[in-house]
Amino acid sequence: MVTAIAGLRGPGSFGTDFRPTNYRESYLLLEPNGSAPFTALLSMAQGEATDDSQFNVFRDELPDRVVKVNNTGGYNATATTITIDQDSESAFLVAGSLLCNPATGEVMRVTSDTAQNGTSIAVARNLGTAAAAHTIADNQELFVVGYAAEDGADVGTPISFDPTVTSNFTQIFRTSFSVTGTLQATYRRTGDAEDEYAMKALKLHMQEIERAFFFGQKHTENTGLNNERRYTGGILNSITNVIDGATFSTPGQMTEDEFDSLLINTVFAFGGTEKIAFVGPKCAAHLQRFGKARWQPTVVEGAYGVNITRYNTTSGSLMVALHPQFRQMPTMSEAMVIIDMTQVKYRYLQGRDTQLLRDRQSPGRDAVQHEYLSDCGLELLTDKTHTFIKGWATTA
């Protein structure tokens, strides 16, 4: 069986011979619908060790190669010098580049390299049409539609673009628990105290990592002891696609048509056609209301037991999971965090993935003390593939 969520490895279910390789996988096996579903699913994605507490991400994407006309009066059909807004996209307008004005259908050819990193384009107008066929209005967009070289021409002007570099930190998470000698020796109908406390501590540990991966703020501070305290940046403080309900035409209210438009123009505009949405209870109710009429929601198989409902839309497949912790946070009740699982990665410092460290108690203490320790962070390979919708209070 193929894994239902793109980006996860394995068959999507635990076979009888499955053996967890770390405590994160153990948590997913024991608590697939616990308080940390994102962290649990990340345990079955492609995690990667790092040999430095700061890890870099190189992001690269093709330019849009779209520029906007900047001239209040516009241009007549014979103008051959066009002023545009200052924009890095002009770096790709070299001699021979073809531009199209979609508002009129006119195709023109850039005749000089002077447009590179400038605000003025020299062009040959109205290719293939009558000389006076088309005019250009202010603020119309022109986009590159190709390149045309003449016979025997020399090599064209080279163009290139560099990736941007972002970074994040691994953060040290520690959750300890202790059992006294007396409690160890006491018969308890509920079972062994140390096993019970160990399970509770693991749940709390995963919950803290989960919250950091959503809400963490990238930061470092010097403790004054030649040591650093590092904070990993969470997804909500790292992505640029943030849709605030306060900006809706009716604040807090999004209609079905508006949600469709959001899926087409933002959510599935970049990245894969399958994404997982962690939602609060109000957003879950909104989606159920929309889905009953047209999307035929289905239960997802192959998600390692995590309770996920698939909504097949014309834009892509939106897989929805009601996040337990979003119930506990008033502002997240009306929120939806849409993640492309192929574009996130769990990073951990080499040799310091989640582990149970035993016998951390001081000598002479009549008790045992153990702790879970994780030195880990979240890597976003891209940011445009993810979307945060907040303040979605009602539908119409």
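Please refer to the structure placed before this passage.
Notes on the structure follow. (Residues numbered from 1 in each chain as written. Predicted model: local features only at pLDDT ≥ 70, side-chain atom pairs only at ≥ 80, totals over all residues. Heavy atoms only, no water.)

1. Details of the packing of aromatic side chains
Here the distance between the centres and the angle between the planes together describe a pair of aromatic rings.
So, point 1. Under the counting rule described, the total for this entry stands at eleven aromatic pairs.
So, point 2. Ring centres of Phe 259 and Trp 392 lie 5.2 Å apart, and the angle between their planes is 25°; this geometry places the pair in the stacked category. One end of the pair, Phe 259, is in helix α5 (residues 256-267); the other, Trp 392, is in the segment after β22 (387-390), with 133 residues separating them in the sequence.
So, point 3. Clustering of aromatic rings is evident, with ring pairs tying together Phe 38, Phe 214, Phe 215, Phe 278 and Phe 326.
So, point 4. Residue placement shows Arg 347 over the ring face of Phe 55; its charged tip is 5.0 Å from the ring centre. (Phe/Tyr/Trp six-rings, centres within 6.5 Å; stacked < 30°, edge-to-face > 60°. Helix = DSSP H or I, 4+ residues; strand = E, 2+ residues; numbered from the N terminus. Lys NZ or Arg CZ within 6 Å of the ring centre and 35° of its normal.)

2. Regarding the side chain of Glu 379
So, point 1. When you line up the elements, Glu 379 lands in strand β21 (residues 367-380).
So, point 2. Once residues within four sequence positions are removed from consideration, Glu 379 is found in contact with Phe 55, Asn 56, Val 57, Gln 343, Val 344, Lys 345 and Arg 347. (Contact = heavy atoms within 4.5 Å.)

3. Here we look at unusual backbone geometry
Most peptide bonds take the trans configuration, and most residues that are not glycine carry a negative phi.
So, point 1. Although it is not a glycine, Asn 139 sits at a positive phi angle of roughly 70°.
So, point 2. Of note in the backbone geometry, Asp 359 takes a positive phi value of approximately 55° without being a glycine.
So, point 3. Structurally, Asp 359 can be placed in the loop between β20 (355-357) and β21.

4. Details of the pattern of salt bridges
So, point 1. This model, assessed by the stated rule, comprises 13 salt bridges.
So, point 2. Among the ionic pairs, Arg 174 bridges to Glu 371, the shortest N-O distance being 2.7 Å. Remark: Glu 371 occurs in strand β21 and Arg 174 occurs in strand β10 (residues 171-180); sequence separation between them is 197 residues.
So, point 3. Between Lys 282 and Glu 334 there is a salt bridge; the shortest N-O distance is 3.1 Å. Highlighted residues: Lys 282 in helix α6 (residues 281-294) and Glu 334 in the loop between β17 (317-322) and β18 (336-339), separated in sequence by 52 residues.
So, point 4. Linked by salt bridges that have partners in common, Glu 48, Lys 345, Arg 347 and Glu 379 make up one network. (Salt bridge = Lys/Arg side-chain N within 4 Å of Asp/Glu carboxyl O.)

5. Focus: the side chain of Gln 325
So, point 1. Along the polypeptide, Gln 325 turns up in the loop between β17 and β18.
So, point 2. Taking the relative accessible area as the measure of exposure, Gln 325 reaches 1% and is therefore buried.
So, point 3. Residues within four places of Gln 325 in sequence aside, it is in contact with Ser 35, Gln 207, Glu 210 and Arg 211. (Buried < 20%, exposed > 50% of the residue type's maximum accessible area, 1.4 Å probe, protein only.)

6. Details of helix α4 (residues 193-215)
An α-helix turns once per 3.6 residues; consequently, residues spaced three or four apart project the same way.
So, point 1. For α4, with 23 residues, the first-to-last C-alpha span of 33 Å sits near the 33 Å given by 1.5 Å per residue.
So, point 2. The N-capping residue of α4, defined by a side-chain oxygen 3.1 Å from the backbone nitrogen of Glu 194, is Asp 192. (Expected span 1.5 Å × (residues − 1). Polar contact = N/O pair within 3.5 Å; in protein donor to acceptor, adjacent residues only side chain to side chain.)

7. Notes on the sheet that holds strand β4 (residues 81-83)
So, point 1. A sheet is described by the order of its strands in space; here six strands give the open sequence β3-β8-β5-β6-β7-β4, paired in antiparallel fashion. Single-partner strands in this sheet number two, and they are β3 (66-68) and β4. Across the sheet, the mean angle from the axis of one strand to that of its neighbour is 40°, orientation sign disregarded.
So, point 2. Both strand β6 (residues 106-110) and strand β7 (residues 120-124) contribute to a ladder of two bridges, which runs antiparallel. (Pairing = 2+ DSSP bridges. Axes fitted to C-alpha atoms, helices over the stretch in contact; angles between N-to-C directions.)

8. Re the nonpolar core
So, point 1. In this structure, Phe 38, Ile 235, Phe 278, Val 337 and Ile 339 are the most contacted members of the largest nonpolar core, which totals 38 residues.
So, point 2. Sorting the residues of this core by element identifies α2 (37-42), β10, α4, β14 (274-279), β17, β18, β19 (344-349) and β21 as the ones contributing at least two each.
So, point 3. With near-sequence residues (within four places) excluded, Ile 339 lies in contact with Phe 38, Phe 214, Ile 235, Lys 275, Ile 276, Phe 278, Val 344 and His 386.
So, point 4. In terms of nonpolar packing, the next biggest core, distinct from the first, is built from 21 residues, Leu 262, Ala 277, Tyr 311 and Trp 392 among them. (Core = buried A, V, L, I, M, F, W, Y, C linked by side-chain atoms within 4.5 Å.)

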